[in-house]
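Given next are the chains, with one letter for each unit.
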Amino acid sequence: MLAKYVPILNWGRGYRRDQFGRDLIAAVIVTIMLIPQSLAYALLAGLPPEAGLYASILPLVAYAIFGSSSSLAVGPVAVVSLMTATAVGRLAAEGTADYASIAMGLALLSGGILALMGLFRLGFVANFLSHPVIAGFITASGLIIAASQLGGILGIPSHGHAMPELLASIWDNLVRFNPYTLAVGSASLAALVWIRLDMKRRLVALGVPVAIATFMVRAGPVVVVLVAIAASAIFELGGKGVALVGDVPPGLPMLTIPNVSIDFLIVLIVPAFIISIVGFVESISVAQTLAAKKRERIDPDQELIGLGAANIAAAMGSGYPVTGGFARSVVNHDAGAATPAAGIFTAIGIAVATLALTPFLALLPKATLSATIIVAVLSLVDLSILKKAYTYAMADFIGVAVTLCVTLVFGVEIGISLGVAASILIFLYRTSKPHTAVVGRVPGTEHFRNVLRYSVETTPEILSLRVDESLYFANARFLEDCIYARVAEHPEIRHVILMCPAVNAIDMSALESLEAINERLRDLGIHFHLTEVKGPVMDRLERSDFLKHLTGQVFLSQHEAIAELGGAGAVLRPREASHVAS
């Protein structure tokens, strides 16, 4: 029983030497990649850079113990860092002890929420965020994050967590830009872009093996950081107005419980819940994608527990909210990670780096970290989703556009909140008007198809109506109106058959509508029948009085119903149109 909630008890028993080698190699590669990212994302969250390293140690160990993915690498990510800055920035000023404590409290709350959701098997809550809405939110967040780092590249102050505030602050301070900072930031940005887009191709062309070229590309950002530190020392950039990271406390953080007041925790509950959901959606999508390549199974509820433990560990280790990162998880997977132990080895590597790098970080220009963030987040921006959604479905396009625009203008919390609302409204709109079709029999077969798409046989006295959606409160009245309208148009109808192959559920409101339809059709001298009712739906109907008062019958198949009710008098009905839904 315990192993169900602590997966390390399962995979740890059979841990092999060959797995150790694969996990160790993956950990080295991920550690190299994670160091500059952790430093940069901490600044994005409004925290000192070492907080990013702290948030990459204990959370990795906690996830390895409780998580279910062998490839997922947890730690600071761009979107969650931005959301952290937005939530904590309302309660404390950046750079203060209160700010760091509140960020830790946010991680503790987020971890508790995730763990409780996992224990109560509430992973389905994340399904309320549709893919188009998530795509719009992440694209907008990427643009906001990139804009927020322009000030760091230019050496000017910028503030705000939404695009209008950010652009206005950059414009107001543009004349104060520092040419030395701009030179460092531009050079770092250009180098990082070249490393990401062109370096591997150049190295392979020079005869470097692909595996070595790939490793060099992943290590490239660390080289950029080291070169920036060296340039800062040689040219004394700090004395020229270039903002540096400054002194970093030596050593590792002590285990602690965040000292946050109850009043602050109450204010943080909603942001913590939003961060938890967004982080879980990002993490589970990555974990499931990578698991499919290994033919592994990911348990969403166990992932909630794993991410919850990681965030609680982040809070106790002087970090801030974390989740599974796409880029580092893909690298972990491609590097051959065999088990979650790779995360433990990565945590050890980050801890060693934290102890070894602190003397040098003081000279690191913040502009280099801003460049690191810009290059990392631009991969999140996917404006093509607007065209794809517009081409495919207008409702999805509206969801994407609303989420993207609202997030850009009002910030991430309002954006994702309205995104969830948009997802729910789109679902309700679509299901409130389910596709219905009058069907007839394809000649010479027992198949029934839409009269608007096929040449079929129909009987004038029988209306066969197929409904392609479960019936519930939002669409019950629509079904009533649809049946009444067709009966009114065709007074010769004596039987109405409701085909239910796509009806997976009927709630109380829909049941009352079916009862109303049955009574009204009875008053008109029309019999009401059902066909192809699924077992669970039939079980519920049998527990009600509906079947006792049904004027017609419940048939196993549509063919059986037509055969018994008078299908012999069927006439061929030519196809009416070919451009409508099936």
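What comes next concerns the included structure. (Residues numbered from 1 in each chain as written. Predicted model: local features only at pLDDT ≥ 70, side-chain atom pairs only at ≥ 80, totals over all residues. Heavy atoms only, no water.)

**Points about the overall build of the chain**
Helix and strand counts for the chain stand at 25 helices and 10 strands. Overall, the C-alpha framework of the chain stretches about 95 × 60 × 60 Å when taken along its three principal axes. Going through the 582 residues of the chain one by one, you find that 51% of them count as buried. Residue pairs in contact within the chain that sit at least 24 positions apart in sequence constitute 80% of those at least 6 positions apart. By element, 65% of the accessible surface of the chain is carried by carbon and sulfur atoms, the whole surface being about 26400 Å². With 39 positive and 41 negative side-chain charges, the chain shows a spacing of 8 Å between the two charge centroids. (Helix = DSSP H or I, 4+ residues; strand = E, 2+ residues; numbered from the N terminus. Buried < 20%, exposed > 50% of the residue type's maximum accessible area, 1.4 Å probe, protein only. Contact = heavy atoms within 4.5 Å. Areas by Shrake-Rupley, 256 points an atom, 1.4 Å probe, with all protein chains shown as cover. Lys, Arg positive; Asp, Glu negative; His and termini not counted. Charge placed at Lys NZ, Arg CZ, Asp CG, Glu CD.)

**Side note on the pattern of salt bridges**
Across all of its chains, the model carries 11 salt bridges by this definition. Where Asp301 meets Arg121, a salt bridge forms, and the shortest distance between an N and an O atom there is 3.3 Å. Of this pair, Asp301 sits in helix H14 (residues 300-316) while Arg121 sits in the loop between helix H7 (97-119) and helix H8 (131-148); the two residues are 180 residues apart in sequence, bridging distant segments of the chain. On the accessibility criterion, Asp301 (11% relative accessible area) is buried. Arg441 is the salt-bridge partner of Glu457, the closest N and O atoms lying 3.7 Å from each other. Of this pair, Glu457 sits in strand S5 (residues 456-458) while Arg441 is found in strand S3 (residues 436-441), placing the two residues 16 residues apart along the sequence. Looking at Glu457, the relative accessible area reads 26%, which means it is partly exposed. (Salt bridge = Lys/Arg side-chain N within 4 Å of Asp/Glu carboxyl O.)

**Points about the packing of aromatic side chains**
For the structure on display, the rule yields five aromatic pairs. Ring geometry for Phe20 against Phe345: centres 5.4 Å apart, planes inclined by 85 degrees, an arrangement best described as edge-to-face. Of this pair, Phe20 sits in helix H3 (residues 17-44) while Phe345 sits in helix H16 (residues 341-361), placing them 325 residues apart in sequence. In this structure Phe20 comes out as partly exposed when scored by relative accessible area, which is 38%. (Phe/Tyr/Trp six-rings, centres within 6.5 Å; stacked < 30°, edge-to-face > 60°.)

**Regarding helix H22 (residues 508-523)**
The terminal C-alpha atoms of H22, which comprises 16 residues, lie 23 Å apart, in line with the 22 Å expected from a rise of 1.5 Å per residue. Those residues of H22 lying buried are Ala510, Leu511, Ser513, Leu514, Ile517, Asn518 and Leu521. Buried residues of H22, viewed axially, fall in a sector of 160 degrees; they line one side. What points out from H22, more than 90 degrees from its buried face, is the exposed set Met508 and Asp523. (Expected span 1.5 Å × (residues − 1). Arc of directions from axis to C-beta.)

**So, the packing of helix H13 (residues 262-294) against helix H15 (residues 326-334)**
For the pair H13 and H15, the least separation of the axes is 10 Å and the interaxial angle reads 20 degrees. By the angle between their directions, the pair H13 and H15 is classed as roughly parallel. Judged by the twist between their axes, the crossing of H13 over H15 is right-handed. Between H13 and H15, the residues in contact are Glu282, Val286, Leu290, Lys293 and Lys294 and Phe326, Ser329, Val330 and His333, respectively. Its residues assigned to classes, the contact of H13 with H15 comprises four nonpolar, two polar and three charged. (Axes fitted to C-alpha atoms, helices over the stretch in contact; angles between N-to-C directions. Parallel < 35°, antiparallel > 145°, perpendicular 65-115°, else oblique. Left-handed = near helix turned anticlockwise from the far one by under 90°. Nonpolar A, V, L, I, M, F, W, Y, C, P; charged D, E, K, R; others polar.)

**Side note on the nonpolar core**
If you look at the biggest cluster of nonpolar residues, it comprises 87 residues, and the most contacted ones within it are Met83, Tyr320 and Leu364. The element that contributes the greatest number of residues to this core is H13, accounting for 13 residues. Not counting chain neighbours up to four residues away, the residues in contact with Leu364 comprise Leu39, Val225, Ala228, Ile229, Ala243, Leu244, Val245 and Leu369. (Core = buried A, V, L, I, M, F, W, Y, C linked by side-chain atoms within 4.5 Å.)

**Notes on the environment of Ile195**
Inspection of the secondary structure puts Ile195 in helix H11 (residues 179-205). Judged by relative accessible area, Ile195 falls into the buried class, the value being 9%. For the pair formed by Ile195 and Leu355, sequence separation is 160 residues and the distance between their alpha carbons is 27 Å. Non-local contacts of Ile195, meaning those with residues more than four positions away in its chain, are made with Val217, Gly220, Pro221 and Val224.

**A short note on the environment of Arg522**
One can find Arg522 in helix H22. Overall, Arg522 belongs to the partly exposed group, its relative accessible area being 45%. When the C-alpha positions of Arg522 and Gly67 are compared, they lie 58 Å apart, and in sequence the two are 455 residues distant.

**Some words on the packing of helix H5 (residues 58-66) against H16**
Closest axis-to-axis distance for the H5/H16 pair is 8 Å, and the angle between their directions is 165 degrees. One way to sum up the angle between H5 and H16 is to call them roughly antiparallel. Crossing handedness for the pair H5 and H16: left-handed. The residues of H16 that touch H5, namely those facing Leu60, Val61 and Ala64, are Gly343, Ile344, Thr346 and Ala347. Here the contact of H5 with H16 is built from residues that sort into five nonpolar, two polar and no charged.

**Quick notes on the environment of Ser329**
Checked against the element boundaries, Ser329 lands in helix H15. Residue class for Ser329 comes out buried when judged on its relative accessible area of 0%. Between the alpha carbons of Ser329 and Leu465 there is a distance of 49 Å; along the sequence they are 136 residues apart. Setting aside chain neighbours within four positions, we find Ser329 in contact with Ser71, Leu72, Ala73, Val286 and Leu290.

**So, the side chain of Thr407**
Looking at where Thr407 falls in the secondary structure, it is placed in helix H19 (residues 394-410). When sequence neighbours within four positions are dropped, the list of residues in contact with Thr407 reads Phe137, Ala140, Ser141, Ile144, Val412, Gly415 and Ile416.

**Observations regarding a nonpolar patch on the surface**
Taken together, Phe20, Leu24, Val28, Ile212, Phe215 and Met216 make up a surface patch of nonpolar side chains, about 480 Å² in accessible area. Going through the elements one at a time, H3 and helix H12 (210-235) are the ones with two or more residues in the nonpolar patch. (Patch = residues over 30% accessible without salt bridge, like charges linked within 9 Å, V, L, I, M, F, W, Y side chains within 5 Å.)

**Some points on the pairing of strand S8 (residues 527-531)**
As a general feature of sheets, a regular strand has side chains that alternate between the two faces. Buried residues dominate S8, accounting for four of its five residues. Of the pairings in the sheet, the one linking strand S7 (residues 495-499) to S8 comprises five bridges and is parallel in character. What sits directly across from His495, in S8, is His527. You can see the chain leave S7, run along H22 and come back into S8, and the turn it takes is right-handed. Bridge count between S8 and strand S9 (residues 554-555): two bridges; the pairing is parallel. Residue pairing in the sheet places Thr531 in a bridge with Phe555 of S9. (Pairing = 2+ DSSP bridges. Right-handed = clockwise from strand over helix to strand, strands pointing away.)

**Focus on the state of the cysteines**
Summed over all chains, the structure comprises zero disulfides. No disulfide involves Cys482; its sulfur sits 13 Å from the nearest other cysteine sulfur, which is in Cys500. Among the residues examined, Cys482 registers a relative accessible area of 12% and is labelled buried. (Disulfide = S-S within 2.5 Å.)

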